[in-house]
Structures are given as structure tokens and as C-alpha cells.
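Residues per chain are reported as follows:
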Amino acid sequence: MGWRGLRAELGRARFPVSVGAVLLLASCGSSSGGGAASSAPGVTSNSILFGQTAPQSGPAAQYGQSTSGVKAYFAYVNDQGGVQGRKLQLTSLDDQYTPSVALQDTRQLITQDNVFAEVACNGTATSKANLQAQAPANIPVVGVQTGATTFAGTFRPFLYNVWPSYLTEGKLLGSYAKDTLHLKKIGVLYQNDDFGKSLLAGVNQAGVQGAPAISYDPTQVNFGPQAEQFKSAGVDGVIILAIPQPTIAFLNALSAVNFFPTRLMSQVSAIPQSFSAASSEFPGSYIGAFIPPLTELSNPQVKTFADAMQKYEPGKPVSVFAAWGWQEAQVAVAGLRAVQGALTRNSYEQALNQIQNLQTIGGTISYSASAHPGVQQMFLVKARTNDLVRGSG
Amino acid sequence: MAEFGQLVLGGLGFGGIYALAALGLVLIFKTSGVVNFAFGAMATVVPLVLWTLFSPLGLPVVVAWLLALIAALLLGGVTQVLFLRRIEDAPPLIQIALTLGLLLVIEGLAGVLWGFSPKEVPRVVHGSSVVLGPYLIAPNDIVIIAVTLLLGAAFYFLFERTRIGLAMRAIAQDSDTAELMGIRVRRFITASWAVGVLVTGVAANLVAPTVSLSPTMMDNIAVFAFAAAVLGGFGSLAGAIVGGFAIGVVSDLIAGYLSSDLQLSLVFLLIVVILYARPQGLFGVAAQSRQ
């Protein structure tokens, strides 16, 4: 990277990521033209500002790739004239996967940046912390990147789930291990927080109790003891409910003790780097999914996403994480398009409540005034040497 | 129930990493009197350079390793000259605060330059784990343990049996008097920073292939390495090595028989107990008498 690139990156790291920042500056204070009149925060006659918190650094930094997915979809919509003449913009702040930082970021988005709504906020513990600022402000939140029961199992008028519940994913992993793969003794490695425990609850509901079920700390790097525990227990399968870096370290730890049980893992575990960073253990693993394999370019949703990423976010990974952001942006924009009359947070929420059978890259979304569930369907993909394929591949 | 012997062997592998990192920390402390809290972040730069040279630039792994180690020497030396030398007469608290600032700056810059996505660093050795009776040990762990013992022995020899070591011990005891005796104190301190980062960088290079490389990779390891240095008496090279292996084994046993959530707290509880009984650490007295 040259100095120009470094300066650009430094600028990106230090200041909020903005799409069309010049447009925003130009439109500040303006109230004429474009769509219907609005007095909502973050809305001008020709722009709508969304906010996002996601980790761009720290142990879960890969999830920050969802920002480029949101930006790509917004740019794709803006290229088609925006929504009712308004261009979509995004301010994304780095929460470092740390709840206290996420809350601070969310307060800034709401009180200083005056965003209209939030989209694609990442993480379980971080999203839980964000609620402390989002609930009093009653700001629409479209998509929290978690399926924890704190969100997927709890109705909040302002919060619209997009992800499937971790219970759904846990049940899928557990039942596939037990009933399809016919594994006799299944161990579970889970992150010791709401994220890991929600998935674990789903695995338990499928009749897999974990023999043993071992927790880990997300900052942990040495997984030798866990690998040895599973080996000593004689499990023939391990369900991994972990974020990417611990997953890679754990897979390598299994290799170190020459132990190769059948591996199943949550969709949040699987990253492209896993193919090379855990080259002997990652291939052959079964992974929960609601985003289709991104090699399925015959799927129009996947094709549109991949093309838009190349066009609007060149150089950024065309990853599942980016697809998360793309999908949540799809829902956010569908709500905007359905607004009747002036755009306010209230009218936006009413419009979101009307969404029925919205086809997104990650499945179908339907809301009502009393239920905001995410997608209901999940499936399994299998890692091969260099890619993922559906089912048992 | 996990096998005791296997946990001990695994603990020795990671303990070697803690020991090497602690050794780098102690090397710097012995001559400059500064506890370098940025040691983990500085060490992480070394495998990031290694990855850049090996992966995008395609250099042979041996060349990439050598150049990465040269980068470690430069990083340590330049950091000392640019930042620490400026405040060499300031109270220790100010110098420690500076290293804390460096930790954040280096980690942030590394994130900007390399990103936070995990990166693959080449292993020093490949192949299946080696069978030792009923137990297995990964080839990487064997290399880590061997390198740790070799470097530990080399630095022990350097400090105890050479004029350079004598000069460094003189600086550690009284830098003003050492200066009056004709020892170029500043050069030695700069060199100790360069070598300290080099040693910690070796640890980072060796562990990166198994835990996936990112700018925050050493955060957790640095905490255990710091504990190892404290346990060993902080001024003692042998203490750092023994402390590192001890922390590695004990923390693996805690994770294997109790819970990994208790690793850090029980390790520090153990240190509190040991320091209560021996405030100078395991090797503190011996270190003082040598000085």
C-alpha cells in the first residue's frame, strides 16, 4: 500500500464511513425537491442517513465486511435513482466487538450524527448493549447480526430481525449430527455468552446434550486443552459454536493431537481464510447457512449481489459477511419504498410492519405489527477444499 | 477427563511462547528499567511483515523469516530512539504510560495497514504430531520448546559469561556509574530494545500459524507472558523461561480439568499466592545476588 492508500485508510479508520458524504454536506439544511416533506432526523429532501455499528477491528473484525454489503446495496439503489428521489447514505462506526464501545457508538449515531435508522448492527453482546440507547430513542433498527433469543425470541416494536434464530440454527446442527450423520457421541464447544448459549440451547433442543459441552472465552488463543478433552471423551463429532478466530485455533488444536472427529459449525464460524488457515480440519466441515453459497451464480440474488460488490465495492471481499449487510439493506430499503406519505420514523415502522414475503438473498422476510422475526429457513453447507456446497456435497 | 500428560505437553508448547515473550519483556526491563506494555503489539508486527513478504510478495519462507527478524530489530531500536530516549529521565510512570500509548498506536496502525482478517503464516515445520509414548506433541510445539531453551541458554551465556553481559548488568544496577566506567549506556539500551522485540517477534512468528494472525493476536498471550515475567521475578532471564513454561502448563491444566473461563483468574491468583510467599518472585533473589 502506498502513502496515498495509507492516508485514505487512515481517514477511513478515523472518521465514520460515509456513502455520498459530499451529497450529504450539500444537502444539509435543504428541504425542497425530492420526495415527500419530512422532519425526521437524518432525512433531507434528497438523502436518508442510516447508521451502523460493526467491528472493523478486534477478534471479530471480519464481520465488519457487512459494511461493504450495505454500502454496495445502497449504491446499487442510488444508481437507480434512490428511494423517492432520496439517496441513501451510511455512517458506520467500529465497535471493536466490545459492548461498551458499541453503546458509545450508537449514542453518537443517534444524538450527534442524527441517523434516521440503524441497519446491520453486528453481534449479540454489542447489540444487547445498543438497546440501552436505541430503546429510549425508539429508533428503527433493521437487522441485528445475531440470532440470540434476546432478539429473535423477543418482540420490540422498533427492532426488525433479519437473521434466523440461533435456536433454529442450533437445532439444525444438532439434528443433522444426530439423525443424518448418525453420530453417537457429540461434543460441543461454545462461546460463553448469549451468542454461544443461544446456539447451545438449540443444539440441546435437538436432543444433543454435549458429551462434553465445553465453553471458551472469545479472547482465548490456546485451544489445546479443549481438543484434548474432546479426544479423551472419545467423541465422534464436535459442534463448534464459535467466532472465526477461535474456530481456526480450535481446528488446528484438533490437528495437533491427531484427532479428526466430524465437525459441524455455526454460520458465523466459517470464513474464507479457514480454508488455508485450518487446511486439514476445515474441509469436510458442515456449516449452518441461510445465505446461499456465493458460488451459486445461477441464483439471481447471488448474481446481483456479486456484480454489485464488484462494481461498487471493488477490492472488498465478496463474502458471506458482506451478504449479511446486503440482505439487511434489502429489508431496510423495502421498508422505505413502502412508506406512505411523509417519511418519519413512525411511518417507516408502519411500512416495515406491512412487509410480506420479501425475497432477499438470505431467504423470505415477513413482518406484522406484533411480530418481527427473521428468516425461518436454514440449510447446511459442506466445506470442500476451496469452496462451500449445499448439503452433504 | 483429559489426559494429564497430554495437557502438560500441550502446555509446554504454549508455555514456550509465553516464555519467549516474557524473555523479550525482561531483556528490555533489565537494561532500560522500562516495562514495555507494547511488547505484544510490537511482536505482532513481525509475523505481519513475514506474511507480507511470504504471501503477497512471494519470497521464500527462509528469506521472509530473516527479513521479518531484521524488521523486528529495527522496530525495537527505532522505537527506543524515537520515543523512549526522549523521556529517558522522566519518572517510570511516564515511560510506562508511553508504552501503553504505543500499544494502541501500533495495534491501530497494524489494523489499518494489514486489516483484521486472519492471515495464514507458513509453519516452520510440517507433518503429523510426534508420538511420545502414549502422548502426542505437535512438530510446531517441539520447535517452540527447542527455540525457547536455546535462546534462553544463549542469553544466559551472554549475560553471565561475556563482557557485553557484564556491561548490561552494570547498566541495570547503576546506569550513571556504568556510563562513567566507559560503557555506552544508550547504545546498550537501544540494542536491548531491538533484541527484546526480536525475541518476542520470534514467539509471535512461531505461534501465528496455529492461532491465525491478526493485529490483536498477541493480546491474550501478552497477558500470560507478563504473568510469566512477574512469576519469574521480572529481572531474571531464567525466571522468565521457567515462569513461561509453568504458566503454560498450569493454565492448560486449569482449562482441562476446570474451565477455560477460570484460566486467567486462577493463574493470577496463583501468582498472588506465590508473590505473597516470595515477593521477589521465583528467581528474584538469585537475580539480585548476580547483580
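What you see is a predicted model; the values in this text were computed from it and never measured.

Chemist: Can you break down the sheet that holds strand β9 (residues 237–241) of chain A residue by residue, with the values?
Modeler: The strands making up a sheet associate through backbone hydrogen bonding, with each pair oriented either parallel or antiparallel. All names here are of chain A. Spatially, 7 strands are ordered β8-β7-β9-β10-β11-β14-β15 in an open sheet, and the strand pairing comes out mixed. Of all the strands in the sheet, the pair left with one neighbour each is β8 (213–216) and β15 (388–390). With strand direction ignored, the average angle separating the axes of adjacent strands in the sheet is 25°. Of the strand pairs in this sheet, strand β10 (residues 262–265) and strand β11 (residues 286–289) are connected by 2 bridges, and their pairing is parallel. Bridge pairing in β11 links M265 to I287. In this fold helix α7 (residues 166–180) packs onto β7 (186–191), β9, β10, β11 and β14 (379–383), with an angle of close to 165° to the strand it touches most, β10. On top of the sheet, helix α8 (residues 194–205) reaches β7, β8 and β9; it is set at about 155° to β7, its chief contact.

Chemist: Residues and numbers for helix α1 (residues 4–32) of chain B, please.
Modeler: All names here are of chain B. The end-to-end C-alpha distance of α1 is 40 Å, a good match for the 42 Å that 29 residues give at a rise of 1.5 Å each. Counting buried positions over the 29 residues of α1 gives 24, a clear majority of the element. Just beyond α1, the residue with positive phi is G33, at close to 75°.

Chemist: Can you explain the domain arrangement of chain A? Please cite residues and give values.
Modeler: Residue and element names in this part refer to chain A. The domain boundaries assigned to chain A delineate domain 1 (3–164 + 298–365) and domain 2 (167–289). Contacts between domain 1 and domain 2 engage 14 residues on the former and 13 residues on the latter. Buried area between domain 1 and domain 2, summed over both chains or domains, comes out near 1,300 Å², and the portion from carbon and sulfur atoms is 58%. Summed over the shared surface of domain 1 and domain 2, the number is 1 salt bridge. Among the salt bridges present, the one from K128 reaches D194, with a minimum N-O distance of 2.6 Å. Across the contact surface, domain 1 and domain 2 share 5 residue pairs in polar contact (both at pLDDT 80 or more).

Chemist: Provide a residue-level description of the layout of surface pockets, including the pertinent values.
Modeler: Estimates place the volume of the second largest pocket at around 730 Å³. Taken together, 46 residues form the lining of the second largest pocket, with A:N252, A:A256, B:R123, B:A138 and B:T210 sitting closest to its centre. Those elements that provide at least two residues to the lining of the second largest pocket are α9 (224–233), α10 (244–256) and α11 (274–277) of chain A together with α1, β2 (135–137), α5 (139–161) and α8 (185–211) of chain B. Tallying contributions element by element places α1(B) first for the lining of the second largest pocket, with 6 residues. Looking at the lining of the second largest pocket residue by residue, the classes come out as 25 nonpolar, 16 polar and 5 charged.

Chemist: Outline the pattern of salt bridges, listing residues and values.
Modeler: Considering all chains together, one arrives at 9 salt bridges over all chains under this definition. A salt bridge links A:K311 to A:D79; the shortest N-O distance between them is 3.5 Å. Note that A:K311 is positioned in helix α12 (residues 300–312) and A:D79 in helix α3 (residues 66–79), a separation of 232 residues in sequence. Its salt-bridge partner being B:R169, residue B:E160 comes within 4.0 Å of it at the nearest N-O pair. Under the relative-accessibility criterion, B:E160 is labelled buried at 17%. Under the relative-accessibility criterion, B:R169 is labelled buried at 15%.

Chemist: Tell me about the side chain of B:S192, and name the residues and values.
Modeler: Looking at the secondary structure, you find B:S192 in helix α8. Once residues within four sequence positions are removed from consideration, B:S192 is found in contact with B:L27, B:I28, B:T31 and B:M168.

Chemist: Residues and numbers for the environment of A:M265, please.
Modeler: Residues and elements named next belong to chain A. Within the fold, M265 resides in strand β10. When its relative accessible area of 0% is taken as the criterion, M265 is described as buried. In this structure, M265 is in contact with E169, L173, I240, T247, L251, F282, S285, Y286, I287 and G288, ignoring residues within four places of it in sequence.

Chemist: Explain the nonpolar core to me, using residue names and the numbers behind them.
Modeler: Among the nonpolar cores identified, the biggest contains 189 residues, and A:F50, A:F116 and A:Y348 are the most heavily contacted of them. The leading source of residues in this core is α8(B), at 14 residues. For this core, the domains that each give at least three residues are domain 1 (3–164 + 298–365) and domain 2 (167–289) of chain A. Formed by 16 residues, the second largest nonpolar core is a distinct cluster that contains A:I110, A:A129, A:A133 and A:F151.

What counts, and where the lines are drawn
- Residues numbered from 1 in each chain as written.
- Chains lettered and ligands numbered in written order.
- Predicted model: local features only at pLDDT ≥ 70, side-chain atom pairs only at ≥ 80, totals over all residues.
- Heavy atoms only, no water.
- Pairing = 2+ DSSP bridges.
- Helix = DSSP H or I, 4+ residues; strand = E, 2+ residues; numbered from the N terminus.
- Axes fitted to C-alpha atoms, helices over the stretch in contact; angles between N-to-C directions.
- Contact = heavy atoms within 4.5 Å.
- Expected span 1.5 Å × (residues − 1).
- Buried < 20%, exposed > 50% of the residue type's maximum accessible area, 1.4 Å probe, protein only.
- Domains from an automatic or database assignment.
- Buried area = accessible area lost by both parts, 1.4 Å probe.
- Salt bridge = Lys/Arg side-chain N within 4 Å of Asp/Glu carboxyl O.
- Polar contact = N/O pair within 3.5 Å; in protein donor to acceptor, adjacent residues only side chain to side chain.
- 1 Å grid on protein atoms, 1.4 Å probe; cavity = no way out; pocket = protein on both sides within 12 Å on 5 of 7 lines; lining within 4 Å.
- Points joined across faces, edges and corners; volume = space filled by probe spheres on them.
- Nonpolar A, V, L, I, M, F, W, Y, C, P; charged D, E, K, R; others polar.
- Core = buried A, V, L, I, M, F, W, Y, C linked by side-chain atoms within 4.5 Å.

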